[in-house]
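Each chain, written out:
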Amino acid sequence: MFAKPFRVKSNTVIKGSDRRKLKADLSAAFPSLSADELSELVPNKEELNVVKIYAHKGDAVTVYVLHKNPLFFEVDKKLFPTVYVLWRYPALLPAFKTWPPVLQKLTGGADLMLPGVVVPSCGLPDVKQGDSCAVTLVNNRAPVAVGTAAVATEQMHSLGMKGRGVCILHTYMDYLWAFGDKSGPPSLPDAESEAHGENGEECEISDKEEEEVDKCVEEQSSPEETVTDQAHSGFEELSLVEQDEEKGEKSNEKEEETQDEQKTPQEVMDAMLLQCFLHALKSKVKKSELPLLTSTFLRNYMFSCCPSGKQLDIKKSSYKKLSKFLQTMEQRYNIVRVKELTKGVESIVEVDWKNPELRSFSFPEDTDVESTPLPDGEEGEIPYHPPEITTLYSVSARLEPLFLNANKRKGATLHPAEVRSIVTEYVKSNELKSEYQEVVSLKWDDLFSRTLGRMQECYQAVFPGQPPIIKKGHIEPIDITVASRGSNKKVTLIKNLEVYGLDPAVVASVLQHRVQASSVLQPVPGAKDRVLVQIQGNQIQQVGKLLLDHYQIPRKCIQGLEKPPKGGKKK
């Protein structure tokens, strides 16, 4: 979940009532924690922050931070400890043991497969499907990953220790770990390694353990191997999965081509439609984008997942219509839920991201992921991605002494959360905070708002593949207005497209094809290197659909959508 960078939505200090609720939730989720341990994790008088973030797939996550270290994170109303907490309380969760080289795979976003699990002499921990669990390494009890059990312990044995074991959510050295002080795991020898230390011969074997792990990647295990050797061979199976898949794909290419030839064109199109559907849901759609128009999903998401050299045509499939295909996906696989939010217009309102059909889907190599379908008139153009806009504040000359301890000079730009943290630290270090409410002359919120009010507001725009652009003042919204020309003729004017990286000529061409009306570019008075798009008629609704649905511009960055065409008969 945190293998890629996440986006911070807010960072606030926890309230007293929320602090008590967090303690109660932790006590219910982790009964093994004593009252003193809970007080250490959630102290009453120390500052505890609540950080709300969006993971790279759009999952909303709440992180609780103490002393700049994330302690717990909450996903779908379920609390999980981070590795920082588990290093202090290693027995907090049931743990599965694996080999050190597997950690690199887990950090990259892979789940722990059962062939890579080392079965101790006391047996596997007793867990049920969905239970929280940790992952440790051989000879060290300090957990290095947190996740949920993919299957119950009984099923692991019945499956012959094959398949998925633990669905990994957070690991040592991922971006959530990097959000803290980036300390390393402590050395906590387990009971088995301590027992090995008492016996000299067994100790020698453990010294050669690394060499055996390296050998097991290259050599096949013999039938007469011991239980330990079988665990090594299990790791070999886990490590060579990618190579086996590549060899299998190459060896089966001719067979797949023969099978495709034997299928009817309709069956081939049905298979391609399902592939593009699963690919789009797994790699492109985010929770924050729901509800999503079904037409937008087909045009902007499914088409881009079509294999290179092939064309997706739903009319050549057995479904004939997108609505029928989505209805089948909802009833047969229960992956999505489609609802008619407005009359005659369907939207995808819910996606089951934990669906086994969706989780087991793997991306085909011949998919042209970068090619995004564009509206009529935009074929062959590089796909557009909206910039990420962030509000910043610049240190002014009057406030420079306040930020000197943080090495921030005049002109330095800061996030609001950074300003809040620096001001709080300044108040505490200079003992300006009073413990008695009746003597407080200025509330915290008033102090922060006054500080921000005396700083220069800026904004940062980050375009994909480009360095951030920081400018002073507010970012100008895309302005849409309707003006009169001549004898009661209406024209629609669109300004400030360049601020968001849009080419006015391309937008004018797309609108011209969409509404079948003439469009021209005119220079903006008083602004250099800027032009506005003028299109005939009142086209506010069509312009809004283009900017919101296709270009994915946030509604707050568009001005003028509240002026739709006036209906009714002419007088």
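Right above here is the structure, for reference.
Given the structure is predicted, the values throughout are model-derived calculations rather than measurements. (Residues numbered from 1 in each chain as written. Predicted model: local features only at pLDDT ≥ 70, side-chain atom pairs only at ≥ 80, totals over all residues. Heavy atoms only, no water.)

Novice: Any chance you could explain the overall build of the protein here in plain terms?
Specialist: A tally of regular secondary structure across the protein gives 20 helices and 23 strands. Sequence separation of at least 24 residues holds for 60% of the intrachain contacts in the protein that already meet a minimum separation of 6. Surface exposure of the protein reaches about 33700 Å², of which carbon and sulfur atoms provide 48%. (Helix = DSSP H or I, 4+ residues; strand = E, 2+ residues; numbered from the N terminus. Contact = heavy atoms within 4.5 Å. Areas by Shrake-Rupley, 256 points an atom, 1.4 Å probe, with all protein chains shown as cover.)

Novice: In this structure, what is going on with a positive patch on the surface? I would like to understand it.
Specialist: On the surface, a cluster of positive charge is made up of Arg-7, Lys-9, Lys-52, Lys-286 and Lys-556. Summarising the element assignment, Lys-556 is placed in the loop between α20 (540-550) and β23 (558-559). Using a relative accessible area of 77% as the deciding quantity, one classes Lys-556 as exposed. (Patch = residues over 30% accessible without salt bridge, like charges linked within 9 Å, V, L, I, M, F, W, Y side chains within 5 Å. Salt bridge = Lys/Arg side-chain N within 4 Å of Asp/Glu carboxyl O. Lys, Arg positive; Asp, Glu negative; His and termini not counted. Charge placed at Lys NZ, Arg CZ, Asp CG, Glu CD. Buried < 20%, exposed > 50% of the residue type's maximum accessible area, 1.4 Å probe, protein only.)

Novice: Would you mind showing me how to read the packing of helix α17 (residues 416-429) against helix α18 (residues 444-453) here?
Specialist: Axes are the key here: two packed helices are described by the angle between their axes and the distance separating the axes. Where α17 contacts α18, the two axes come as close as 10 Å, and the packing angle between them is 120°. Relative to α18, the element α17 lies oblique. For the pair α17 and α18, the sense of crossing is right-handed. Contact residues: α17 offers Val-419, Arg-420, Val-423, Thr-424 and Val-427, while α18 offers Trp-444, Asp-445, Leu-447, Phe-448, Thr-451 and Leu-452. (Axes fitted to C-alpha atoms, helices over the stretch in contact; angles between N-to-C directions. Parallel < 35°, antiparallel > 145°, perpendicular 65-115°, else oblique. Left-handed = near helix turned anticlockwise from the far one by under 90°.)

Novice: Just to check I follow, could you spell out the packing of aromatic side chains for this structure?
Specialist: The geometry of two aromatic rings is summed up by the distance between their centres and the angle between their planes. Scanning all chains against the criterion turns up 12 aromatic pairs. Ring centres of Tyr-172 and Trp-177 lie 5.3 Å apart, and the angle between their planes is 80°; this geometry places the pair in the edge-to-face category. Seen from their ring centres, Phe-297 and Tyr-301 are 6.2 Å apart, and the 25° between their planes marks the pair as stacked. Here the residue Phe-297 and the residue Tyr-301 both occupy positions in helix α14 (residues 294-302), the gap between them amounting to 4 residues, near one helical turn. As far as the burial class goes, Phe-297 and Tyr-301 line up, both buried. In textbook terms, an aromatic cluster arises when at least three aromatic residues are bridged by ring pairs, as seen for Phe-2, Phe-6, Phe-73, Phe-80 and Phe-179. (Phe/Tyr/Trp six-rings, centres within 6.5 Å; stacked < 30°, edge-to-face > 60°.)

Novice: Sorry if this is basic, but what is going on with α20 here?
Specialist: Every α-helix carries 3.6 residues per turn, so stepping three or four residues along brings you back to the same face. Among the residues of α20, Ile-540, Val-543, Gly-544, Leu-546, Leu-547 and His-550 are the ones counted as buried. Elements that come into contact with the buried residues of α20 comprise α14, β19 (478-485), β20 (489-495), α19 (504-515) and β23.

Novice: How do you make sense of the nonpolar core when you look at a structure like this?
Specialist: With 34 residues, the main nonpolar core has Leu-22, Leu-26, Val-63, Phe-72 and Phe-73 as its most contacted residues. Of all elements in the fold, only α1 (16-29), α2 (35-41), β2 (48-54), β3 (60-66), β4 (69-75), β5 (78-81) and α3 (83-88) reach the threshold of two or more residues within this core. The greatest single-element share of this core, amounting to 5 residues, is contributed by β3. (Core = buried A, V, L, I, M, F, W, Y, C linked by side-chain atoms within 4.5 Å.)

Novice: I keep staring at the pairing of strand β22 (residues 531-536) and nothing clicks. Help me out?
Specialist: For a regular strand, side-chain orientation follows a simple rule: the groups alternate between the two sheet faces. Bridge count between β20 and β22: 4 bridges; the pairing is antiparallel. Looking across to β22, one finds that Thr-492 is bridged to Ile-535. Where strand β21 (residues 519-523) lies against β22, 5 bridges are found, and the strand directions are antiparallel. In the sheet register, Pro-523 faces β22, and the bridge partner there is Val-531. (Pairing = 2+ DSSP bridges.)

Novice: How should I be thinking about α1 in this particular structure?
Specialist: With 14 residues, α1 extends 20 Å from end C-alpha to end C-alpha; this agrees with the ideal 20 Å at 1.5 Å per step. Within the sequence span of α1, burial applies to Arg-19, Leu-22, Lys-23 and Leu-26. Down the axis of α1, the buried set is contained in an arc of 100°. They therefore lie on one face. Opposite its buried face, α1 presents the exposed residues Arg-20, Lys-21 and Ala-28, each directed more than 90 degrees away. (Expected span 1.5 Å × (residues − 1). Arc of directions from axis to C-beta.)

Novice: What exactly am I supposed to notice about the sheet that holds β22 here?
Specialist: Through backbone hydrogen bonds, the strands of a sheet pair up, either in parallel or in antiparallel fashion. Reading across from one edge, β21-β22-β20-β19-β23 is the order of the 5 strands in this open sheet, with mixed pairing throughout. The open sheet is flanked by β21 and β23, the only strands paired with a single partner. Sheet contacts for α19: β20, β21 and β22; angle to β22, the most-contacted strand, approximately 10°. Those strands touched by α20 are β19, β20 and β23, and its axis lies near 160° from that of β19.

Novice: Help me out: how do you make sense of the environment of Pro-100 in this one?
Specialist: Note on placement: Pro-100 falls in the loop between β6 (95-98) and α4 (102-107). In this structure Pro-100 comes out as partly exposed when scored by relative accessible area, which is 40%. For the pair Pro-100 and Asn-139, spaced 39 residues apart in sequence, the C-alpha to C-alpha distance is 9.5 Å.

Novice: When you look at the pairing of strand β9 (residues 132-137) in this model, what are you seeing that I'm missing?
Specialist: For β9, the buried fraction is high: 6 of the 6 residues fall into the buried class. In the sheet, β6 pairs with β9 via 4 bridges, with the strands oriented parallel. Bridging from a neighbouring strand, Thr-98 pairs with Leu-137 of β9. With 5 bridges joining them, β9 and strand β10 (residues 140-149) adopt antiparallel strand pairing.

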